[in-house]
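A closer look at the structure
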Amino acid sequence: MKYLPLILRNLGRKKLRTAFTVLSIFVSFLLFGLLVALRTGFGQGVEVAGLDRLLTVHKVSLIQFLPVKYANFIETVDGVEAVTHWTWFGGYYQEPRNQLTMFATDVDGFLEVFDDYVISEEHKENWRNNRQGLGVGYSVAQRFGWEVGDRVPINTNLWLGDDGKSGWEFDVAAIIGDGEQADGGQLYLHYDYLKEGAGSMGAAMSPGSDELAVIGMIYMKVDDPERASTIIDTIDTQFANSSAETKTSTEKAWAQGFANQVGDLASIVTAIVSVVFFTLLLVAGNTMAQSVRERTSELGVLKTLGFSDGLVMFLVLGEAFFLALLGGLPGLLFANAVTSRLKLGVGFIPDIYIPSRDLMIGVVLVLALGLVTGALPAWRALRLRIIQALSQ
Amino acid sequence: MTTQEQAAEPIVRVENVHKTYKRGSEVVDVLQGLSLDVADGEFLALMGPSGSGKTTLLNLIGGLDRLSEGRIEVAGERIDRASDRQLTKWRSRHIGFVFQFYNLLPVLTAERNVELPLLLTKLSRAQRRKHVATALEVVGLSERSKHYPRQLSGGQEQRVGIARAIVSDPTLLLCDEPTGDLDRKSGDEILDLLEALNQEQGKTIIMVTHDPLAAERATRTLHVDKGVLTETPTH
């Protein structure tokens, strides 16, 4: 501790240079934090995916409907415990920029298939008993300040009533999740309410009888994840060569594939962060090298006074660490503060935040930056001969 | 013990010291079998033309450089046999250096500069502060303790340099051209101070100088020429 003032004073020797270097480190770690948060956000769809859940969609495209009778068949497949279905609703709250990820579902089936979601019994009952009831992801409820019992207007350009009106009204019936775990950031309405409310569009979904009704995709819960491949084969074989062939996969694989449509974010983040850190190494390393080179004679004086080679090396290394800490830690903390306030609640990017593990990696990177940028100047300081140093 | 009695005990013994440098393929003999005894409490001036080897001799006595041949004993210790690590510790205990260009750290105040050698000791912060205040008082700069080197005159900077050299109460004070960068008046003040340290506090001082007037303040003057010593009578 008694050497701390000496280290800090040396950092303040060229204030402008130090300030710019600290700023560049700050921005780099801010960028690191934001990119990591974004990657985490895109990965959350995968994170919430259950290992024992499978998903069946139309083989041609996600936007193609499937007959509801497919769900009836899947219910009979050996190993399938429960089935539910989702139909894309879309929608936005108040303004088009507040886009929602919203599906119509059969609530009973939903609660069976997604029995790992945290929903109170009271909320489940509310939701079952209210056809206008809406199951809302915790992060979405937080974002808009909704509570159970609130009546919320939601617009959609997809499901218009016969009068052409796009406005729908729902009651917030259940909150899905408690903020502790990722909740998917989605909303779910009753499928029956969709059919009724969508007028002729809804009627077209179920021409004549429910047997001919159509749905978006089918989720199922299986009794044993190890039997998933057999079940997948059974389902896809059953509907092969039909007018609506299917593609079944595990929920996790599907979510991963969806996230990958944006690109391989992990690789992109790694590439950007690598380039940024390489540049940062050059900037901070140059600052440290220049700073030590400028005061070679002063280091010689310290050694003359009895400061050992190791102690002088420690002082130089200490400066490099402080430089990295001064820029890196505030950068990480700022990124954390910014992302913890962002509640996007949009589809597969429900929340973006920096996981504590990545924050720790950030801190390790800060220390590594200090070590790497200080290593060479510190080594030079260690090897410095007094006579040569004093002659400069 | 009087100054006279102290002067009888050699505190520095330099025996047949050789120092050679390699300059490209050429070998330069800077010191050629030089021998010297410095008594405890002595104020020795080393004079000689540039390149004669006087600063090299000072550096060898101070343990800043390695000799090529011979032996050097300071305060009873063979420093030519000491490892770099031992020499570093020894230097912090026994040697105080005063440089021609003061060599203060510009980012530290006068008192922080003076405190530097004490950081290597086990003294508490309060004890260090007390020693620093005493050293600055000795050199007459108590009022300027919070000033940075850039806020001081050359003479004042050199006083801070001397305070830094004496703060840990070293055995030997080595001064390399301490007045070389000062005007006559400031130089005289520095020499007065060194003289007082020698006469009143019994400090052993070896001073390298080009200035005959500065050398006159010493109790003995030696001339170094082409790596060998020639003694001249003092005033």
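Here, every reference points to the structure presented above.
Our subject in this report is the structure included herewith.

Conventions used here
- Residues numbered from 1 in each chain as written.
- Chains lettered and ligands numbered in written order.
- Predicted model: local features only at pLDDT ≥ 70, side-chain atom pairs only at ≥ 80, totals over all residues.
- Helix = DSSP H or I, 4+ residues; strand = E, 2+ residues; numbered from the N terminus.
- Buried ≥ 20, exposed ≤ 12 C-beta atoms within 10 Å, placed from the backbone.
- Arc of directions from axis to C-beta.
- Contact = placed C-beta atoms within 7 Å.
- Pairing = 2+ DSSP bridges.
- Axes fitted to C-alpha atoms, helices over the stretch in contact; angles between N-to-C directions.
- Parallel < 35°, antiparallel > 145°, perpendicular 65-115°, else oblique.
- Left-handed = near helix turned anticlockwise from the far one by under 90°.
- Nonpolar A, V, L, I, M, F, W, Y, C, P; charged D, E, K, R; others polar.
- Core = buried A, V, L, I, M, F, W, Y, C linked by C-beta atoms within 7 Å.

Let's shift gears to the overall build of chain A. For chain A, the helix and strand inventory stands at 15 helices and 11 strands. Classification of the 392 residues of chain A by burial places 43% in the buried group.

For the rest of this paragraph, the subject is helix H3 (residues 68–76) of chain A. Listed as buried for H3 of chain A are Val68, Tyr70, Ala71 and Ile74 of chain A. Taken end-on, H3 of chain A shows its buried residues confined to a sector of 145°, consistent with a single buried face.

Right, let's talk about the interface of chain B and chain A for a bit. Across the boundary between the two partners, chain B contributes 17 residues, which contact 16 residues of chain A. Per-element tally for the side of chain B that touches chain A: the top contributor is helix H3 (residues 84–94) of chain B, with 5 residues.

Let us look at the sheet that holds strand E2 (residues 26–39) of chain B. Residue and element names in this part refer to chain B. The strand order across the open sheet built from 4 strands is E2-E1-E4-E5, with neighbouring strands paired in antiparallel fashion. At either end of the open sheet lies a strand with only one pairing partner, and these are E2 and strand E5 (77–78). Sheet topology places strand E1 (residues 10–23) next to E2; 11 bridges connect them, and they run antiparallel. Residue pairing across strands places Thr20 opposite Asp29, the latter belonging to E2.

Most of helix H12 (residues 296–305) of chain A is tucked away: 8 of the 10 residues are buried. Those residues of H12 of chain A that fall on the buried side of the exposure criterion are Glu298, Leu299, Gly300, Val301, Leu302, Lys303, Thr304 and Leu305 of chain A. The secondary structure elements touched by the buried residues of H12 of chain A are helix H13 (309–340), helix H14 (356–383) and helix H15 (386–390) of chain A together with H3 and strand E6 (95–98) of chain B. Positive phi appears at Gly306 of chain A, one or two residues downstream of H12 of chain A, with a value of about 115°.

Look at Asn241 of chain A: it is not a glycine, yet its phi comes out positive at around 65°. Here Asn241 of chain A shows up in the loop between helix H9 (228–238) and strand E11 (246–250).

What follows covers the packing of H13 of chain A against H14 of chain A. All names here are of chain A. Relative to each other, H13 and H14 sit at 155°, their axes nearing to 7 Å. What the angle tells us is that H13 and H14 run roughly antiparallel. The element H13 and its partner H14 pack so that their crossing is right-handed. Across the contact of H13 with H14, the residue classes break down as 19 nonpolar, 6 polar and 2 charged.

Walk down a regular strand and you will see the side chains alternate between the two sheet faces. All names here are of chain A. Judged by how many residues are buried, strand E7 (residues 167–176) sits mostly within the fold: 7 of 10 residues are covered. Relative to E7, strand E5 (residues 133–137) runs parallel, the two being bridged by 5 bridges. The residue bridging Leu134 from the neighbouring strand is Val172, located in E7.

Residues and elements named next belong to chain A. Read across the sheet, 9 strands follow the order E6-E7-E5-E8-E4-E3-E10-E1-E11 without closing on themselves; strand pairing throughout is mixed. Edge positions in the open sheet fall to strand E6 (151–155) and E11, since each of these has one partner strand only. Each adjacent strand pair in this sheet contributes to an overall mean axis angle of 35°, direction not counted. Where strand E4 (residues 102–105) and strand E8 (residues 187–190) come together, 4 bridges link them in parallel fashion. Across the sheet, residue Thr105 finds its bridge partner in E8, namely His190. Helix H5 (residues 121–129) rests against E5 and E7 of the sheet, and its axis sits at about 155° to E7.

With that out of the way, let us pick up the nonpolar core. Leu46, Ile61, Ala163 and Ile206 of chain B are the most contacted members of the largest nonpolar core, which totals 63 residues. The residues contacting Ile61 of chain B, other than those within four sequence positions of it, are Val12, Val14, Ile72, Val74, Leu174 and Ile206 of chain B. Grouped together as the second largest cluster of nonpolar side chains are 57 residues, Ala174, Ala198, Met217 and Met220 of chain A included.

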